[in-house]
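# Structural description and commentary
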Amino acid sequence: MLTSKELRQKYLEFFKSKGHAILPSASLIPDNDPTVLFTTAGMHPLVPYLMGQKHPEGARLANVQKCIRTQDIDEVGDNRHDTFFEMLGNWSLGDYFKKEAIEWSFEFLTSKEYLGLDIRKLAVSVFSGEAENNIPRDEEAAGIWKSLGMPEDRIAYLPRKNNWWGPAGQTGPCGPDTEMFFWSGEGEFPPAGSNPATDEDNWLEIWNDVFMQYNKNAEGKYEPLAQKNVDTGMGLERTLVALNGFADVFQVDTFWPLIQKIEEVAGREYIENMAVTKSMRIVADHIRTATMIMGDDRRVAPSNVDQGYIVRRLIRRAVRHGRQLGMNTNFCDQIALQVIEIFKDVYPEVEKNKEFILLELAKEETKFRNTIEQGMKEFEKLLNGFRIAFEKTGTHITEISGKQAFKLFESAGFPLEITLELARENGLTVNVAEFEAAYKAHQELSRAGAEQKFAGGLADHSEVSTKYHTATHLLHACLLKVLGPHATQRGSNITQERMRFDFANPQKMTPEQIKEVEDLVNAAIQKDYPVSWQEMTFEEAKEKNAIGLFEDKYQSRVKVYTVGDVNEIAKADPSAPTFSREVCGGPHVEHTGMIGKFKIVKEEAISAGMRRIKAVIE
Ligand code: SER
């Protein structure tokens, strides 16, 4: 097995032998870049030098860089997403270009002295060109790969979406790239003709050599850079997953001790069930990232603005998932100590800032737990009120009103998720639509400027899209129920303001049908069904009658989202009553109650036999 320590060492040693100066990791907080909150790639701190400034260490550089990307934070919990990661990189500042970059990448990957990978398990991709921008197909890169023995059928030519990199912020250096992939499919070697273009899901990307030739300016134009650079990036965790054949990024040795610690503290097993696995992954990832931000040279404490707000959210979400694992007293410090243990030799600042990390973590966790406790008392009072009302009037109140939920939020700082959780435990529902309305009104008054700066997925807009996305699944399920099995999805589109959903149906829907569908969707929202997902084979998904198998080319393993009864889902019974089960990459809300009120605003024809619904959530 290849360890993280070996991979870092081998990489730096190799590039040192090729005349590169080895730089320490820069701070996680970018120096002069107001467009993002965190360093997102190894090249990010080097932007001024890629733009032409002289670097004091010379024109050949390499390092291991601490990075954070939060745009997929809601995906953490699956087998591959994380928010903090390490990136190995080497750079040429106007020194070598494509030939050396590719030859050295090849040597590092295949030489016995370094990774010693079998060339038969490798494939590459190069940029397919863009006539409109006058950028040719990268025959030069392809030619160099061929000269090294890479067979023609292992070279994929792919467009901008795949083989173009940058800029890291909204402006800056960028260019075409060539990416290297390792075989992860069945069998020892890939079949002839297989490459990342023909068989995307069985090839894992491990390394990216970017040929930086352009600068994207504030007008969005690509201007040639005076100096041609190379920027390469190899994701450490991802490469260890690929080369070690792990099923899950949490098996990497910079994660696994954290999972073990959580197992020990919670007294539960990682593999107990999907919900436990997911919560443990979230705790491990979020405390790892929060610890690395707080333990950075810049020392960021939890707060309500900028990076500090991210730290706060990470800790609170970890505590919430910790509670779900039954960890009812402060635990974050124990996980953080393990994070420090893992990284102290690589990033000594985390050890140096240990006291600060532990102090801030304990303060935040205690504060949040107090909030929860305080809220619990308020919640108890509420329940008591319900009981008294029952004794007096004989009527059961089964719904917590939006106003009551909002009061819990506003006066006790009680997050809606926890109110929903407690409501469920007590056989109650929550009027989420009303809560959302009150919340929105409140937010408009007190929106902090920093909220708008969430480059990366924490912004309000991504939450709105997520709600619409789950609403799409509900609508699809309801159309099939009301109109019949022919009414399958043909397309969809989501903006901040509305969703559009195209489906097959020979006639115009009647007003009654529209109302029935709308009511069914709203009933599903009111029932606050949990939304869960499992990974399974394509065959299993079909057996479980998952819908949405219509157009995409699917991987051999797919993610299936289920909306339905929580007890049945926990048992993972394929015949369990579910509201909707659909093959989908996500993300989705955790409970349908978070969606709000669903309203169909239009139903129209788009072509013969094809209809379109426009709907909003309020
Ligand atoms: N900047 C490129 C990446 O992040 C290569 O380092 O993949």
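In the block above lies the structure referred to throughout.
Residues numbered from 1 in each chain as written. Predicted model: local features only at pLDDT ≥ 70, side-chain atom pairs only at ≥ 80, totals over all residues. Heavy atoms only, no water.

For the rest of this paragraph, the subject is the packing of aromatic side chains. Overall, the coordinates contain 27 aromatic pairs when judged by the stated rule. On the numbers, 5.7 Å between centres and 80° between planes, the contact of W164 with Y222 is edge-to-face. With a gap of 58 residues between them, W164 in strand 6 (residues 164-165) and Y222 in strand 9 (residues 222-235) connect regions that are remote in the sequence. W164 sits in the buried class, given a relative accessible area of 8%. A relative accessible area of 28% places Y222 in the partly exposed class. Seen in terms of ring centroids, F343 and Y347 are 5.9 Å apart; in terms of plane orientation they differ by 50°. Their pairing is tilted. For the pair F343 and Y347, a shared accessibility class is recorded, and that class is buried. The aromatic ring of F356 is capped on one face by R299, whose charged end is 4.3 Å from the ring centroid. (Phe/Tyr/Trp six-rings, centres within 6.5 Å; stacked < 30°, edge-to-face > 60°. Helix = DSSP H or I, 4+ residues; strand = E, 2+ residues; numbered from the N terminus. Buried < 20%, exposed > 50% of the residue type's maximum accessible area, 1.4 Å probe, protein only. Lys NZ or Arg CZ within 6 Å of the ring centre and 35° of its normal.)

Taken together, A41, M43, R69, M87, W165, N208, V210, D231, T232 and G233 form the complete shell of residues around the ligand. At 2.8 Å from a nitrogen atom of the ligand is found a side-chain nitrogen or oxygen belonging to D231. Burial of the ligand by the protein chains amounts to 95% of its free accessible area of 230 Å². Elements supplying a minimum of two residues to the shell around the ligand: strand 8 (203-216) and strand 9. If you tally residues by element for the shell around the ligand, the top one is strand 9, at 3 residues. Split into classes, the residues belonging to the shell around the ligand amount to 5 nonpolar, 3 polar and 2 charged. (Near = heavy atom within 4 Å. Polar contact = N/O pair within 3.5 Å; in protein donor to acceptor, adjacent residues only side chain to side chain. Areas by Shrake-Rupley, 256 points an atom, 1.4 Å probe, with all protein chains shown as cover. Nonpolar A, V, L, I, M, F, W, Y, C, P; charged D, E, K, R; others polar.)

What follows concerns the sheet that holds strand 18 (residues 610-617). Pairing within the open sheet is antiparallel, and its 4 strands lie in the order 12-13-18-17. Two strands in the sheet have a free side with no partner beyond their single neighbour: strand 12 (489-494) and strand 17 (598-607). Across this sheet, the average inter-strand angle for adjacent strands is 20°, counted without regard to direction. (Pairing = 2+ DSSP bridges. Axes fitted to C-alpha atoms, helices over the stretch in contact; angles between N-to-C directions.)

Keep in mind these numbers describe shape, not what the thing actually does.
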